[in-house]
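Here are the chains, one letter per residue:
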Amino acid sequence: DGGITQSPKYLFRKEGQNVTLSCEQNLNHDAMYWYRQDPGQGLRLIYYSQIVNDFQKGDIAEGYSVSREKKESFPLTVTSAQKNPTAFYLCASSNGQLINEQFFGPGTRLTVL
Amino acid sequence: SQQGEEDPQALSIQEGENATMNCSYKTSINNLQWYRQNSGRGLVHLILIRSNEREKHSGRLRVTLDTSKKSSSLLITASRAADTASYFCATASLTDSWGKLQFGAGTQVVVTP
């Protein structure tokens, strides 16, 4: 059963704490992406990775960090430096070519208490 | 920054009616894609239209692209209650890096039985 998974579905964090969101794919895709979605808005790109051990900042990278040690995994850490972290986070993957669609995970809803 | 802007922001129709939504964008594109998002879920790819195409069909979906006006439309014919969702356009720019997409804010569609 191929696809992209994210965990946990819901996450609660106290202010000042770092938290890591998991994203795993078994589609053998080279490229992976992290997006943030706020209520009633579209997706904004946080980070993306075209290949293992390489990643680039998106439009809103401040306060976030990522790693890409394995092709299948692209975890996102929301640090305490992110001023307004409460949001819906979506991970996606694609085979990386410009022409192709992105496949999305089910998302993680992060709430900062 | 968001590349695409959808219009209208929200649309309410009855089952059997057609739903039309529009997307405008700013820069030259390689392709434009439409995605659907059910509430609290990840996005699902619907259709991709390349910059050298003017119209594309997939089942009850019809997409048009006018690169001279930098706009696209998505038509859902004979709508069903299951079509209730938010619909997003996303553009793959000619100048952006490999595989990046810019999403609009979306059109929220409600189909009542």
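Numbers given to residues run from 1 along each chain, matching the order in which its sequence is written. Chains carry letters from A onward and ligands carry numbers from 1 onward, assigned in written order. Residue-level local features of this predicted model are given only where pLDDT is at least 70; pairs of side-chain atoms are given and counted only at 80 or more, and the full residue set underlies all totals for whole chains, interfaces and linings. Hydrogens and water are ignored here; the side-chain numbers use all heavy atoms of the structure.

Novice: I'm lost on the packing of aromatic side chains in this one. Help?
Specialist: Aromatic rings in a pair are described by how distant their centres are and how their planes are angled relative to each other. Residues and elements named next belong to chain A. When the centres of two rings from Phe, Tyr and Trp lie within 6.5 Å, Trp using its six-membered ring, the rings pair. Their planes under 30 degrees apart give stacked, over 60 give edge-to-face, and anything left gives tilted. All told, the structure shown has nine aromatic pairs over all chains when counted by the stated rule. Arranged with centres 5.9 Å apart and planes meeting at 65°, the rings of Tyr64 and Tyr89 form a pair that is edge-to-face. With Tyr64 in strand β7 (residues 64-66) and Tyr89 in strand β9 (residues 87-94), the pair connects residues that are 25 residues apart, well separated along the chain. Of the two residues, Tyr64 and Tyr89, both sit in the buried class. Helix and strand definitions here come from DSSP, where helices need a minimum of 4 consecutive H or I residues and strands a minimum of 2 consecutive E residues; each element is numbered from the N-terminal end. Buried residues are those whose accessible area, probed at 1.4 Å on protein chains only, stays under 20% of the maximum for their type, while exposed residues exceed 50% and partly exposed ones sit between those limits.

Novice: Any chance you could explain the layout of surface pockets here in plain terms?
Specialist: A water-sized probe, rolled over the atoms, reveals where empty space remains. Reported here for the largest pocket is a volume of approximately 580 Å³. For the lining of the largest pocket, the secondary-structure elements that each account for two or more residues are β9 of chain A together with β1 (5-7), β9 (85-93) and β11 (107-112) of chain B. Per-class residue counts for the lining of the largest pocket are eight nonpolar, 16 polar and four charged. Using a 1 Å grid laid over the protein atoms alone, points where a 1.4 Å probe fits but cannot get out form a cavity; open sets with protein on both sides within 12 Å along at least 5 of 7 lines form a pocket; any residue with an atom within 4 Å of a point counts as lining. Grid points are joined across faces, edges and corners, and a volume is the space filled by probe spheres set on the points. Amino acid classes used here: Ala, Val, Leu, Ile, Met, Phe, Trp, Tyr, Cys and Pro are nonpolar; Asp, Glu, Lys and Arg are charged; the rest, including Gly, are polar.

Novice: Hey, could you run me through the state of the cysteines in this one?
Specialist: All names here are of chain A. We call a pair of cysteine sulfur atoms a disulfide when they lie within 2.5 Å. The tally for this structure, following the rule as stated, stands at two disulfides over all chains. Here Cys23 pairs with Cys91 through a disulfide, and the sulfurs are 1.9 Å apart. Judged by the torsion about the S-S bond (-75°), the Cys23/Cys91 disulfide is left-handed. Here Cys23, found in strand β3 (residues 19-25), pairs with Cys91, found in strand β9; they are 68 residues apart in sequence, far enough to count as distant. Overall, the relative accessible area of 0% leaves Cys23 in the buried class. Cys91 gets classed as buried once you look at its relative accessible area, which sits at 0%.

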